[in-house]
Structures are given as C-alpha cells and as structure tokens.
Amino acid sequence: MENYEEMLGKFLDAMALKRTGSKDTQDAYRRDLSRFLSWLQAENITSLNDVTPADIASYLGQLRTGKIGGKPLSNASYDRNLSALKSFYRYACRSLGITSNPVNRIHGAKIGRHLPDYLSFDQMEAVLDTFDLSDPAGVRNRAMIEVMYACGLRVSECAGLKMEDLHFSQGYLTVLGKESKQRMVPFYPRCGQLLQHYVQYDRPLLMSKVSEHGIVFVSLKGRPISTRAIQQIVEKAGEDADIGMHLHPHMIRHSFATHLINNGADLRVVQELLGHENLSTTQIYTHVDEAHLRNAVEMAHPYAVKKVKK
C-alpha cells in the first residue's frame, strides 16, 4: 500500500517551495486532499494508479451532495476540490512515479460570475462605530477594520502587517500579498491617525509581557493575531452594528473596491491597490453598481413592476 500521507507531504512541500498560491490556498488543499486520501483508504484503494475516472466521479458526487463532509458543496468549493486533485495528480505523475491520471478529463462546475457582497458606506460607518475606543482591544479592533477598509487588505495581509510596513509621514502601507508580491497602498488621514494612536499607546499595553516581534496587530496576550481571530472580531462587529448580513473580512475588501469604483476611481488603479494579477478579476466590481441600478429600475419603473392583466 502506498504511503498517502507521505505523498501528500511531498506535494505540499513542493507547492510551498514554488510558492504556488497563498498559505490559505495551501491549507485548503491540505484539507481537501487529506479527505480524498482518507476516502481512498476507506474504499480499500491502495494505490493512486488504481483510481479510475469513475472513482473520482463517485467521490466528487458524494462530496458535492454532502454525503462526504456532511455539507453540500458550493460551485466554488467543488472547483477548488477538483483543482486540488488535478494539481496533486500532476505532481504525482511527474515526481512520484504514478502513471495514471484519472482527473485530467473531469471538468469543473459551470458557474456564472458571482457579484461580491459589500457594505454601503453607512453600513461600513456603523461597523466602525461599534468599538469602545477607551479600551486598548477596542482601539486595536477598530484600527484593524479601518485599515482593511482604507487599504483593501486581505485578512492574511492584515494579520501579517509589520511595523516596518507603516509609513505614517508619507501616508501609506507596504503590503506583502499573494505569491510574495509587494504593493504600496495609501491610507486616508483618519485611518493614519487611528493607526498611529494604536501603535503609540495601545499596542505597548498589549505587548507589555512579551518581547517585540514586529507584527502590528496583536492578541490580548501580545502575540501576533491570527486570521481566525480577525474573522471573529469582524463577525461580531457586523452583529453589533446590526447590518442584517453575515460580515466577513473579504466583504470589507469588496466594499473598499466597490466604493472606489462607484466614486470614479480608475479600474487599473484599483487593480494595483488590490494586488490583482489580472484586470478581469477587478472588472467584477464594475458590474456591482450596474446590478443595483438594474434592480432599482425593476423595483420602481411602472412597466417593470406592472402586472400583466389576464
């Protein structure tokens, strides 16, 4: 029987060495592939060479319906699982002596481009106003969310922000994004003032019992804050602001991009600020306002809302 765990480890090491994808992508691939390899063991399939296209189709079908994993997959999650399998098998055929690739002819889900959820300006203000600025943790939380909104940061970029990345006098951050690509993002004065106050007064209080490590946002014990902790803080802020939707960090990034474009920012500038490789990724934000305009017409125009008489 092949050592699936060892094979997976070699694949993930190669992926990390080539810096193929973000750490979040690598973690997702680890989870997805571990589940697949456990399924193979449960099915008594002891070699990757013995896996057939029918086996893959059966696995993905059970995964899609929730029979495996306990929850039906969205199109995006299905495609990610398929992408993980294809990447793993390509590596196994190239480097691990596997001669059969049962995944290469299986296609992903056909999905339309999903318009991103985002907050209105008033909702964003309501979220930012939920924090108690007399409490160091409250200042930290407000500063984190304000920075994500001011600069369009991914949650991993916010968690990894370093003291040396802050340039207060010039009013910008340097951000290490996907595939270790660095970009410069300016912030507006209110964000800079809040961030500087946190760094000068509140972060030292949180760091009082630990040695300096250089990460900007820290836990209550002074350690570098985790992405999961930021997610929880953002979720709670959304609940406290009563915005009527489940708030997650990427929605703040969507809000940043949407508000810029709706107020006339050039698409290529927004692409640069977001750190998108391709302009087509950024173009989705140009359709958001169009969707709202269309919805307004459908809800209010007399011919759109008029019922056909029988």
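Just so you know, these numbers come straight off a predicted model, no measurement behind them.

Conventions adopted
- Residues numbered from 1 in each chain as written.
- Predicted model: local features only at pLDDT ≥ 70, side-chain atom pairs only at ≥ 80, totals over all residues.
- Heavy atoms only, no water.
- Phe/Tyr/Trp six-rings, centres within 6.5 Å; stacked < 30°, edge-to-face > 60°.
- Helix = DSSP H or I, 4+ residues; strand = E, 2+ residues; numbered from the N terminus.
- Buried < 20%, exposed > 50% of the residue type's maximum accessible area, 1.4 Å probe, protein only.
- Lys NZ or Arg CZ within 6 Å of the ring centre and 35° of its normal.
- Pairing = 2+ DSSP bridges.
- Arc of directions from axis to C-beta.
- Polar contact = N/O pair within 3.5 Å; in protein donor to acceptor, adjacent residues only side chain to side chain.
- Core = buried A, V, L, I, M, F, W, Y, C linked by side-chain atoms within 4.5 Å.
- Contact = heavy atoms within 4.5 Å.

**Here's the deal with the packing of aromatic side chains**
Evaluation of the coordinates by the stated rule reveals eight aromatic pairs. Taking the centre distance of 5.2 Å and the plane angle of 50° together, the rings of Trp39 and Tyr59 count as tilted. Here Trp39, found in helix 2 (residues 23-42), pairs with Tyr59, found in helix 3 (residues 53-65); they are 20 residues apart in sequence, far enough to count as distant. On the accessibility criterion, Tyr59 (0% relative accessible area) is buried. Here the guanidinium or amino end of Arg64 rests over the ring plane of Tyr78, the centre of that ring lying 4.6 Å away.

**Quick word on the environment of Lys162**
Turning to its location among the elements, Lys162 is positioned in the loop between helix 7 (155-159) and strand 1 (166-167). When the C-alpha positions of Lys162 and Val175 are compared, they lie 8.9 Å apart, and in sequence the two are 13 residues distant.

**Remarks on the pairing of strand 3 (residues 182-186)**
Along strand 3, the buried face is formed by Arg183 and Val185; none of Gln182, Met184 and Pro186, which line the opposite face, is buried. Relative to strand 3, strand 2 (residues 172-176) runs antiparallel, the two sharing five bridges. If you follow Tyr172 over to strand 3, its bridge partner there is Pro186.

**Focus: helix 11 (residues 267-274)**
Each α-helix winds once per 3.6 residues, and so residues spaced three or four apart point in a common direction. Of the positions making up helix 11, those classed as buried are Leu267, Val270, Gln271, Leu273 and Leu274. When helix 11 is viewed along its axis, its buried side chains cluster within an angular range of 165° and face the same direction. Those residues of helix 11 that are exposed and angled more than 90 degrees off the buried face are Arg268 and Glu272. Taking the backbone nitrogen of Arg268 as reference, a side-chain oxygen 2.9 Å away marks Asp266 as the first, capping residue of helix 11. Looking one or two residues past helix 11, Gly275 carries a phi angle of roughly 80°, positive in sign.

**Quick look at the nonpolar core**
Within the largest apolar cluster, 53 residues are counted, with the highest numbers of intra-cluster contacts made by Val127, Ile145, Leu173, Leu195, Tyr198, Phe217 and Ile230. A per-element tally of this core places helix 6 (residues 136-151) first, with nine residues. Setting aside chain neighbours within four positions, we find Ile145 in contact with Met124, Val127, Leu128, Phe131, Val234, Ala237 and Ile252. Counting 33 residues, the second-largest nonpolar core is a separate cluster that includes Ala14, Phe36, Tyr78 and Ala92.

Worth remembering: the numbers are spatial, not functional.
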